[in-house]
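# Summary of structural features
Chain residues, written in single-letter form:
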Amino acid sequence: MTNVSPETVVVVILLRDNGAALLQLLDDKQGLRHAGMWGLPGGHREPGESLEESARRELREETGYECETLHPLTSFEDHDATSHSSYLLVVFWARYDEKQIVRCGEGQAIQFIAREDAPAYSIPSHLLPVWDAAITALGKRDVAGPTIMRPTWSVPYAALGQQASSIKQELLAAVGHV
């Protein structure tokens, strides 16, 4: 049996200093993962793109926001129970500069939501742990320096094949652990 690597999706959690995150109300379309839920801006990695290039492009296309600095946070396999398919979800975080205006370029709406208000929204199950990890990373980052938090790898990369292995190496290199 051939080991088929899942598709790669990148998302960005854009945080205010108070921990509020920019969330996007996804379209309510049949076949769309997490349809009608609030999620993070992002999308599919295009051939030839680095993970960071993909994250920057998706954030710009969906929100109009030009990120100065992106920080790798984590990656894991996100399994869709409806279609029984999986994809590798790569998460970056960034601090919102409070200067640029964000706009809804895709989905139904986009807004900053306070972390304590998150349980009132329909969100994917993976979002709260990712959000909390990003808030932790934001708190451990000095203004000019890199993220101090070491990324967590919660996916069995060996089971996902060569594509996932190269993605792991790219993320590790981005945070200086290779």
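That block above? That's the structure.
This one's a predicted model, so the numbers in the text were calculated from it and none came from an experiment.

Our next topic: the nonpolar core. Core analysis: the largest hydrophobic core is formed by 24 residues, its most contacted members being Ile13, Leu15, Leu23, Val91, Trp93 and Trp131. Looking at this core, the element that brings in the most residues is helix H2 (residues 127–139), giving 6 residues. Those residues in contact with Leu15 that sit more than four places away from it in its chain are Ala20, Ala21, Trp93, Ala94, Arg95, Tyr96, Trp131, Ala134, Ile135 and Leu138.

Within the element layout of this structure, Ser54 appears in helix H1 (residues 51–63). At a separation of 3.4 Å, a polar atom in the side chain of Ser54 contacts the side chain of Glu49. In contact with Ser54, not counting residues within four places along its chain, are Val10, His44, Arg45, Glu46 and Glu49.

Glancing now at the packing of aromatic side chains. For any pair of aromatic rings, geometry is given as the distance between the ring centres together with the angle between the planes. Scanning all chains against the criterion turns up 3 aromatic pairs. Between Trp38 and Tyr121 the ring centres are 5.5 Å apart and the planes differ by 85 degrees, which places this aromatic pair in the edge-to-face class. Taken together, the residues span a long stretch of sequence, with Trp38 in strand S3 (residues 38–39) and Tyr121 in the loop between strand S7 (109–113) and H2 at a distance of 83 residues. We classify Tyr121 as partly exposed; its relative accessible area is 26%.

What counts as what
- Position numbers for residues count from 1 along each chain, tracking the sequence in the order it is written.
- A pLDDT threshold of at least 70 governs which residues receive local features in this predicted model, and a stricter bar of 80 or more applies before side-chain atom pairs are shown or counted, although totals over entire chains, interfaces and linings include all residues.
- Each side-chain value is derived from all of the structure's non-hydrogen atoms; neither hydrogens nor water enter the calculation.
- We call a set of buried Ala, Val, Leu, Ile, Met, Phe, Trp, Tyr and Cys residues a nonpolar core when their side-chain atoms join them within 4.5 Å.
- Burial classes: relative accessible area under 20% of the type maximum marks a residue as buried, over 50% as exposed, and values in between as partly exposed (1.4 Å probe, protein chains only).
- Going along the chain from the N terminus, every DSSP run of H or I of four or more residues is numbered as a helix, and every run of E of two or more is numbered as a strand.
- Any two residues having at least one pair of non-hydrogen atoms within 4.5 Å are treated as being in contact.
- Identification of polar contacts relies on pairs of N or O atoms within 3.5 Å, with a donor-acceptor requirement for protein atoms, meaning one able to donate a hydrogen and the other able to accept it, and with residues adjacent in sequence counted only if both atoms are side-chain atoms.
- Within 6.5 Å between ring centres, the rings of Phe, Tyr and Trp (the latter by its six-membered ring) count as paired, and their orientation is classed by plane angle as stacked under 30 degrees, edge-to-face over 60, tilted in between.

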